[in-house]
Amino acid sequence: MHGLHLTADLRGCPGGQPLLTDVEALRALCLGQVARAGLQAVNTLFHRFDAGAEPAGITGVVLLAESHLAVHTWPELGAVTLDVYVCNFSADHGAAAHALMDTLIAAFGPTEVQRHALQRGTLSPQAA
């Protein structure tokens, strides 16, 4: 097992943008950017929370052949968290993971971004 796990915490995302509250807009963005990055979506699940009269956030997951993308929005805070994990078993998908993360961050237009990258696992002797 060997992979790259990227996370980003976004703050200062402009309020009122559909990506924070509209499941279909967020799903379309995620699937479009996954394909653009050269990754393969296998399935999706997006859930919009009920906050009564207030705009409600969304949790979305795109299951990738390479692993996953997870997105969580908090419109009341102008915040988003992103999680991209790719397995590098059959090929190095690191560049695709970085491209996906970059385009998603840009789409939300945050004023502040905190990013982390973690190399997971080790290369097997056959892959080394």
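Everything quoted here is computed from the prediction, not taken from an experiment.

Engineer: Got a sec to walk through the packing of aromatic side chains? Specific residues and values, please.
Structural biologist: In this structure the tally under the stated criterion is zero aromatic pairs. Over the aromatic face of Tyr85 sits the side chain of Arg120, whose NZ or CZ is 4.9 Å from the ring centroid.

Engineer: Explain the pairing of strand E4 (residues 67-74) residue by residue, including any values.
Structural biologist: The side chains of a regular strand alternate between the sheet's two faces. Relative to E4, strand E3 (residues 58-64) is paired through five bridges, and the arrangement is antiparallel. Along E4, the bridge assignment pairs Val62 with Leu69. In this structure, the hairpin formed by E3 and E4 is closed by a connection of two residues. Pairing between E4 and strand E5 (residues 79-87): eight bridges, direction antiparallel. Within E5, the position partnered with Thr73 by the bridge is Val80. Counting the residues between successive antiparallel strands, the hairpin from E4 to E5 contains four residues, one of them, Gly78, with a positive phi of roughly 60°.

Engineer: Explain the nonpolar core to me, using residue names and the numbers behind them.
Structural biologist: With 31 residues, the main nonpolar core has Leu69, Leu82 and Phe108 as its most contacted residues. Sequence-distant contacts of Leu82, that is, excluding residues within four places in its chain, are made with Leu6, Thr7, Ala8, Leu10, Ala70, Val71, Met101, Leu104, Ile105 and Phe108.

Engineer: Summarise the pattern of salt bridges; cite the residues concerned and give the values.
Structural biologist: For the structure on display, the rule yields two salt bridges. Two residues, Glu24 and Arg27, come together in a salt bridge whose shortest N-O distance is 3.2 Å. Linking Glu24 with Arg27, this pair stays in helix H2 (residues 23-36), spanning three residues, or about one helical turn. Arg115 is paired through a salt bridge with Asp102; the nearest N and O atoms lie 2.9 Å apart. Taken together, the positions of Arg115 in strand E6 (residues 112-121) and Asp102 in helix H3 (residues 94-108) put the pair 13 residues apart, joining distant regions of the chain.

Engineer: A description of the side chain of Asp83 should follow, citing residues and the corresponding values.
Structural biologist: Its place among the elements puts Asp83 in strand E5. Despite being buried, Asp83 has no salt bridge partner; Arg120 is the closest side chain of opposite charge, sitting 7.0 Å away. Every residue in contact with Asp83, bar those within four places of it in the chain, is listed here: His5, Leu6, Thr7, His68, Leu69, Ala70 and Met101.

Engineer: Before we move on, could you go through H3 and cite the residues and values that matter?
Structural biologist: Between its first and last C-alpha, H3 extends 22 Å over 15 residues, near the 21 Å set by a 1.5 Å rise per residue. Considered for burial, the residues of H3 that qualify are Gly94, Ala96, Ala97, Leu100, Met101, Leu104, Ile105 and Phe108. Seen from one end, H3 has its buried residues packed into an arc of 165°, which puts them on one side. Exposed side chains of H3 directed beyond 90 degrees from the buried face belong to Ala95 and Ala106. Taken together, the buried residues of H3 touch strand E1 (2-11), helix H1 (18-21), H2, E4, E5 and E6. The positive-phi residue at the C-terminal boundary of H3 is Gly109, with phi of around 60°.

Calculation notes
- Residues numbered from 1 in each chain as written.
- Predicted model: local features only at pLDDT ≥ 70, side-chain atom pairs only at ≥ 80, totals over all residues.
- Heavy atoms only, no water.
- Phe/Tyr/Trp six-rings, centres within 6.5 Å; stacked < 30°, edge-to-face > 60°.
- Lys NZ or Arg CZ within 6 Å of the ring centre and 35° of its normal.
- Pairing = 2+ DSSP bridges.
- Helix = DSSP H or I, 4+ residues; strand = E, 2+ residues; numbered from the N terminus.
- Core = buried A, V, L, I, M, F, W, Y, C linked by side-chain atoms within 4.5 Å.
- Buried < 20%, exposed > 50% of the residue type's maximum accessible area, 1.4 Å probe, protein only.
- Contact = heavy atoms within 4.5 Å.
- Salt bridge = Lys/Arg side-chain N within 4 Å of Asp/Glu carboxyl O.
- Lys, Arg positive; Asp, Glu negative; His and termini not counted.
- Expected span 1.5 Å × (residues − 1).
- Arc of directions from axis to C-beta.

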